[in-house]
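Survey of secondary and tertiary structure
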Amino acid sequence: MLHTYCYALFLPADEILKSFEEKAKAIELKIEKCEEEIRELIKLCDLLLPMLVNGQDRVERGKRKDEKHNKIICCI
């Protein structure tokens, strides 16, 4: 026995689709930027961690103010 199914598909208006695409694209760009930053941080960690473990470098304790974002950064 063959069954036939019919579905109604409602599409949003073009302006709603365009608005969604713009917002989705902005989110995709932010994700790409964050992924690139993560890759850079992993490279830095891979470079610096062995140096710290071997005593080739030190991390100084202190605070500094990030003027760009108006926040205090604590270094340990």
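When the terminal C-alpha atoms of helix α1 (residues 14-53) are compared, their 58 Å separation across 40 residues agrees well with the 58 Å that a helix rising 1.5 Å per residue should span. Just downstream of α1, G55 is the residue with a positive phi angle, here 75°.

Attention shifts here to the pattern of salt bridges. Pairing between side chains becomes possible if they bear opposite charge and their charged atoms approach one another. Enumeration according to the criterion identifies two salt bridges in this entry. Residue E36 is joined to R39 by a salt bridge in which the shortest nitrogen-to-oxygen separation is 2.9 Å. Of this pair, E36 and R39 both sit in helix α1, three residues apart, roughly one helical turn. Residue classification places R39 among the partly exposed residues on the basis of a relative accessible area of 44%. A salt bridge links K43 to E40, with the nearest nitrogen and oxygen atoms 3.6 Å apart. Highlighted residues: K43 and E40, both in helix α1, separated by three residues, approximately one helical turn.

Procedures and definitions
Residues numbered from 1 in each chain as written. Predicted model: local features only at pLDDT ≥ 70, side-chain atom pairs only at ≥ 80, totals over all residues. Heavy atoms only, no water. Helix = DSSP H or I, 4+ residues; strand = E, 2+ residues; numbered from the N terminus. Expected span 1.5 Å × (residues − 1). Salt bridge = Lys/Arg side-chain N within 4 Å of Asp/Glu carboxyl O. Buried < 20%, exposed > 50% of the residue type's maximum accessible area, 1.4 Å probe, protein only.

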